[in-house]
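So the chains spell out like this:
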Amino acid sequence: MKRSHPTVADIAAYDTIIDVRSPAEFAEDHIPGAINCPVLDDEERIRVGTMYKQVSPFEAKKVGAALVSRNIARHLEAQFLDRPRHWKPLIYCWRGGDRSGSMTTIFRAIGWQAGQLEGGYKAWRRHVIEQLETLPGRFRFHVVCGATGSAKTAILQAIGRLGEQVLDLEGLASHKGSVLGVLPGQPQPTQKWFETSLLQALSALDPGRPVYVEAESRKIGNLHVPEALIRQVRAGDCLNVEATLAARVDFLLRDYAYFFDLPDLLNRRLDALRTLIAGETLQRWQDYVSTADWPVLVRELLELHYDPLYRRSQDHNFTGLQHPETFATDDLSPDGIDRLAAAIVQARTAQMA
């Protein structure tokens with residue numbers, strides 16, 4: 001009788017998830033929690049693929065089989081010899097074909113209850129896309145809004161510390177959202193891994209409770225927020241933080257302090273605004289960088305660029321901003337942020353009671 005292969009719905013039934021694709025494929029995206037045991041590394045995969053096209057499939061399969069056999073033996077000796085008889089690994093490759101099939105066959109011959117994922121990584125990817133089209137609609141979002149420098153992410157994190165559900169999109173995207181939002185030394189994930197991480201985060205939330213999220217545009221750095229999620233967030237209740245200009249400048253000087261030690265990087269990021277502002281204004285800002293006039297630079301960035309941009313866009317994207325609940329503050333210190341978060345939670349809890 002033909003053995004049926006496990007599907008994405010069966011993943012939780014397995015002890016270990018083994019991704020046998022190449023390191024480059026794994027780095028782009030993978031099933032959360034999977035370990036990478038490539039049966040062909042990046043160079044070997046290219047070599048076999050080239051031979052398949054330029055010589056013959058038969059010759060390529062001979063070379064590939066030798067490489068795959070050696071690599072499976074190496075992984076077996078290095079990582080799996082101590083696994084007990086009842087161990088159940090789930091093995092997958094790109095389509096659920098030869099690469100995962102080879103390791104599955106050997107592991108079953110040993111006596112382990114190995115499963116080969118039906119459809120491989122491509123089945124997982126279809127699952128992510130399908131879930132991100134429907135899952136966001138199950139949640140009610142409370143959206144923390146406010147002009148640049150209003151400490152929205154910090155407020156969101158403080159709300160999370162109070163026990164509320166939060167979805168930190170900027171944290172998942174490794175980016176602060178604006179043209180200056182790049183995080184030195186923290187590259188953004190790939191689009192596919194961002195979406196996998198989003199699915200993980202959403203799956204951990206309770207649809208019966210509200211979810212706090214920060215107001216975002218469709219793009220966070222180089223990453224696109226899935227359409228169904230951005231649509232549901234923009235239909236949420238808006239909590240508008242109105243912080244004084246002085247408080248916002250003070251907060252940004254702390255939150256972006258790493259730029260003070262990276263003036264060349266800051267100037268490159270400012271240069272990205274060249275098409276949006278006058279050349280003399282850009283030059284003045286870069287002069288502020290060279291003389292370390294940080295408070296003046298931050299204040300002008302807010303007054304001349306970010307605040308006008310926010311005023312033009314605030315009513316267009318979030319329906320809740322037509323009648324927002326407003327929280328005014330002149331204190332965005334850590335203690336002030338905690339107090340603001342507590343006030344927001346208290347107000348929303350009272351309103352929903």
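All values reported here derive from a predicted model rather than from experimental measurement.

Cut-off values and rules
Residues numbered from 1 in each chain as written. Predicted model: local features only at pLDDT ≥ 70, side-chain atom pairs only at ≥ 80, totals over all residues. Heavy atoms only, no water. 1 Å grid on protein atoms, 1.4 Å probe; cavity = no way out; pocket = protein on both sides within 12 Å on 5 of 7 lines; lining within 4 Å. Points joined across faces, edges and corners; volume = space filled by probe spheres on them. Helix = DSSP H or I, 4+ residues; strand = E, 2+ residues; numbered from the N terminus. Nonpolar A, V, L, I, M, F, W, Y, C, P; charged D, E, K, R; others polar. Pairing = 2+ DSSP bridges. Axes fitted to C-alpha atoms, helices over the stretch in contact; angles between N-to-C directions. Contact = heavy atoms within 4.5 Å. Buried < 20%, exposed > 50% of the residue type's maximum accessible area, 1.4 Å probe, protein only. Phe/Tyr/Trp six-rings, centres within 6.5 Å; stacked < 30°, edge-to-face > 60°. Lys NZ or Arg CZ within 6 Å of the ring centre and 35° of its normal. Salt bridge = Lys/Arg side-chain N within 4 Å of Asp/Glu carboxyl O. Left-handed = near helix turned anticlockwise from the far one by under 90°.

## Examining the layout of surface pockets
Here is step 1: Taken as a whole, the second largest pocket holds about 740 Å³ of empty space.
Here is step 2: Lining the second largest pocket are 22 residues, with Leu40, Val48, Tyr52, Asp98 and Arg99 sitting closest to its centre.
Here is step 3: Elements that contribute at least two residues to the lining of the second largest pocket include exactly α2 (42–54), α3 (57–80) and α4 (98–110).
Here is step 4: If one sorts the elements of the lining of the second largest pocket by residue count, α2 sits on top with seven residues.
Here is step 5: Classifying every residue of the lining of the second largest pocket by side-chain character gives nine nonpolar, seven polar and six charged.

## So, the sheet that holds strand β11 (residues 325–329)
Here is step 1: With parallel pairing, the five strands of this open sheet are ordered in space as β6-β7-β5-β10-β11. Each edge of the open sheet carries a strand with a single partner, namely β6 (165–167) and β11. Neighbouring strand axes in the sheet, compared pairwise and without regard to direction, differ in orientation by 25 degrees on average.
Here is step 2: Bridging between strand β5 (residues 141–146) and strand β7 (residues 211–214) involves four bridges; their strand directions are parallel. Looking at β7, one finds that Phe141 is bridged to Val211.
Here is step 3: Lying over the sheet, helix α9 (residues 227–234) contacts β5, β6 and β7, oriented at roughly 75 degrees with respect to β5.
Here is step 4: On top of the sheet, helix α14 (residues 334–352) reaches β5, β7, β10 (237–243) and β11; it is set at about 155 degrees to β11, its chief contact.

## Comments concerning unusual backbone geometry
Here is step 1: Even without being a glycine, Ala151 presents a positive backbone phi close to 65 degrees.
Here is step 2: By the element assignment, Ala151 lies in the loop between β5 and α6 (152–161).
Here is step 3: Looking at Ala151, the relative accessible area reads 3%, which means it is buried.

## Considerations on the packing of aromatic side chains
Here is step 1: Per the stated rule, a full pass over the model turns up eleven aromatic pairs.
Here is step 2: With centroids separated by 5.9 Å and ring planes inclined at 50 degrees, the aromatic side chains of Trp87 and Phe107 adopt a geometry described as tilted. Here Phe107 lies in helix α4 and Trp87 lies in the loop between α3 and β3 (89–92), a separation of 20 residues in the sequence.
Here is step 3: In this structure Trp87 comes out as buried when scored by relative accessible area, which is 4%.
Here is step 4: One Lys or Arg, Arg21, reaches over the ring of Tyr121 and ends 4.3 Å from the middle of that ring.
Here is step 5: The residue whose ring lies beneath Lys176 is Tyr256, and the NZ or CZ to ring-centre distance is 4.1 Å.

## A few points about the pattern of salt bridges
Here is step 1: In this structure the tally under the stated criterion is 19 salt bridges.
Here is step 2: Ionic pairing is found between Arg348 and Asp237, a salt bridge with its closest N-O pair at 3.1 Å. In this pair, Arg348 is assigned in helix α14 and Asp237 in strand β10, connecting sequence segments 111 residues apart.
Here is step 3: For Arg348, a relative accessible area of 3% corresponds to the buried category.

## Things to note about the packing of α6 against α14
Here is step 1: Closest axis-to-axis distance for the α6/α14 pair is 8 Å, and the angle between their directions is 65 degrees. For α6 against α14, the interelement crossing comes out right-handed. Along its contact with α6, which presents Ala154, Ile155, Ala158, Ile159 and Arg161, the element α14 presents Ile337, Asp338, Leu340, Ala341, Ile344 and Val345.
Here is step 2: Classifying every residue of the contact of α6 with α14 by side-chain character gives nine nonpolar, no polar and two charged.

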